[in-house]
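Commentary on secondary and tertiary structure
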Amino acid sequence: MSTIPTATRRRVLEALGVGTAALAGCASAPGAKEQPTEAKTTPQEPAMNAAQQTDVDRIAADPTAIPDPIDRSEPKTVSVEMTSKEQVAEIEPGVTYTYMTFGDQIPGPMIRVRRGDTVELTITNEEGNSMPHNIDLHAVRGPGGGAEASMVTPGQTKTFRFKATYPGAFIYHCAVPNLDMHISSGMFGMILVEPKEGLPEVDHEFYFGQHELYTTGDTGEKGHHDFDMEAMAAEEPTYVLMNGEKYAITPDVHGAPSMQVGETARVYFVTGGPNLDSSFHPIGSVWDEVWQQGSIAGPPNKYVQTTPVKPGSCAIANLHAEVPGPIKLVDHALSRVARKGMMAVINREGAANPDVFEPEV
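My aim in this report is to walk through the structure given alongside it, one point at a time. Quick caveat, the model's predicted, so the values are computed rather than measured.

**So, the overall build of the protein chain**
When helices and strands are counted, the protein chain shows four helices and 20 strands. Here the protein chain, with 361 residues, has 53% of them falling under the buried criterion. Taking all contacts inside the protein chain whose residues are at least 6 apart in sequence as the whole, residues at least 24 apart take part in 76%. Entry remark: accessible area of the protein chain is about 15000 Å², with carbon and sulfur atoms responsible for 49%.

Dropping the structure here:
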């Protein structure tokens, strides 16, 4: 963390203009003056830096920890609080990195509202952070998707209000200058705007997010990895991750969620990027229904093997368990699975179903 006093750092950032509306939002950020970055963005040899003490045991979001489906028929005002945090955590054992997060997790907490709701969103930039942050929600009709109204320097809090006027699953992300670095470091998540009639009932819901991480070390190289701007500009990531860590949501790391044979599940999936498409595929199944781009206003596609999810977009996909065994959620650009950490698992538990699959004949 920076040793510059927080109050002094805030005054410097504000003097540089990083809190101004002109720099906020997806469209304007690429042409804006880049904010100053600290030594942690300068490529150096990770082998020269010992792994740092971690601030949290895990950065990976629990895929089952999401809001319940909405069961009301009238709109309401929904209060949402988000805190941006800069935290050291492990990408994999022995490899640390200073992540940027919304609410201690990657992807950030799912926001769940109903079409017609008014959302009152409060964002706080935690005291002690080194950079300004904000939030751009693709569910917002407003300048920068709310980014201009939510620019906060360390220790600052702002609140703005918007109406959810259209249904779907939409990404939210940080949108300050160097927004690609902030998103790569973990600052993205999903806002789900349910249609007024709600969504079809399923037995389980799971929430995952993919992003790529550009660091100064090689994949698996022990030590503390710093961010590598040149690698990001070249779109050559060190890691491609599901929920922020290498193979985080698998039995050998943080555990895998489960469903019973005969049950249905809905997967909410967001691709933060900042650069790579995802070819989202369930090994051991297909997507029985897919709402591409998170577009739940129209009918889903049926029996989809691999659905493309662009950076800055989402997908909603249903599946059901006919046989026991793992479903491996991957990006079917498979070197990302084998070499860079991109996989999660959903376990199917229950009795065998030889009418559908018989492993030994």
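Structure's up, so let's keep going.
**Comments concerning the sheet that holds strand β8 (residues 188–194)**
The four strands are arranged β3-β8-β7-β5 in an open sheet whose pairing can be described as mixed. Pairing within the sheet leaves two strands with one partner each, and these edge strands are β3 (108–114) and β5 (136–137). Summarising the sheet, β5 and strand β7 (residues 168–173) pair through two bridges and their orientation is antiparallel. Counterpart to L137 in the pairing with β7 is Y172.

**What about the sheet that holds strand β11 (residues 239–242)?**
Read from one edge of the open sheet, six strands run β11-β9-β13-β18-β15-β16, paired in mixed fashion. Strands with a single pairing partner mark the edges of an open sheet, and in this sheet they are β11 and β16 (301–304). Neighbouring strand axes in the sheet, compared pairwise and without regard to direction, differ in orientation by 25° on average. Inspection of the sheet shows strand β15 (residues 287–292) paired to strand β18 (residues 313–320) by four bridges, in the antiparallel sense. Along β18, the bridge assignment pairs W291 with I316.

**What about unusual backbone geometry?**
For the peptide bond that leads from I106 to P107, omega is -10°, which places it in the cis range. Structurally, the position occupied by P107 is in the loop between β2 (95–102) and β3. At the junction of G273 and P274, the peptide bond is cis and its omega measures out at 20° in the coordinates. Mapped onto the secondary structure, P274 falls in the loop between β13 (264–273) and β14 (278–283). Even without glycine at this site, N178 takes up a positive phi of about 65°. Overall, N178 belongs to the buried group, its relative accessible area being 5%. The phi dihedral of Y247 falls on the positive side, at around 50°, and the residue is not glycine.

**Brief notes about the pairing of β13**
Within β13, nine of the ten residues are buried, which leaves the element mostly enclosed by the surrounding structure. Direction of pairing for strand β9 (residues 204–213) relative to β13: parallel, over a ladder of eight bridges. Looking at β13, one finds that G209 is bridged to V270. As paired elements, β13 and β18 share eight bridges and run antiparallel to each other. Paired with V270 across the bridge in β18 is C314.

**What to know about the nonpolar core**
In terms of nonpolar packing, the biggest core is built from 59 residues, with L121, I135 and L137 touching the most fellow members. Other than its neighbours up to four places away in sequence, I135 contacts M82, F102, L121, I123, G145, G146, A147, S150, F160, Y172 and H173. Core analysis: the second largest hydrophobic core is formed by 26 residues, A60, L276, V290 and V304 among them.

**Examining the pattern of salt bridges**
Taken as a whole and judged by the stated rule, the model has eleven salt bridges. Where K85 meets D104, a salt bridge forms, and the shortest distance between an N and an O atom there is 3.0 Å. Here K85, found in strand β1 (residues 77–92), pairs with D104, found in the loop between β2 and β3; they are 19 residues apart in sequence, far enough to count as distant. On the accessibility criterion, K85 (17% relative accessible area) is buried. In this structure D104 comes out as partly exposed when scored by relative accessible area, which is 29%. In this structure, E92 and K246 form a salt bridge, with 3.6 Å as the shortest nitrogen-oxygen distance. Placement of E92 in strand β1 and of K246 in the loop between β11 and β12 (258–260) is noted, with a sequence separation of 154 residues between them. Per residue, the accessibility class of E92 equals that of K246, and both read buried. Sharing partners across several salt bridges, the network here consists of R112, E194, E205 and R266.

Definitions and limits used
Residues numbered from 1 in each chain as written. Predicted model: local features only at pLDDT ≥ 70, side-chain atom pairs only at ≥ 80, totals over all residues. Heavy atoms only, no water. Helix = DSSP H or I, 4+ residues; strand = E, 2+ residues; numbered from the N terminus. Buried < 20%, exposed > 50% of the residue type's maximum accessible area, 1.4 Å probe, protein only. Contact = heavy atoms within 4.5 Å. Areas by Shrake-Rupley, 256 points an atom, 1.4 Å probe, with all protein chains shown as cover. Pairing = 2+ DSSP bridges. Axes fitted to C-alpha atoms, helices over the stretch in contact; angles between N-to-C directions. Core = buried A, V, L, I, M, F, W, Y, C linked by side-chain atoms within 4.5 Å. Salt bridge = Lys/Arg side-chain N within 4 Å of Asp/Glu carboxyl O.

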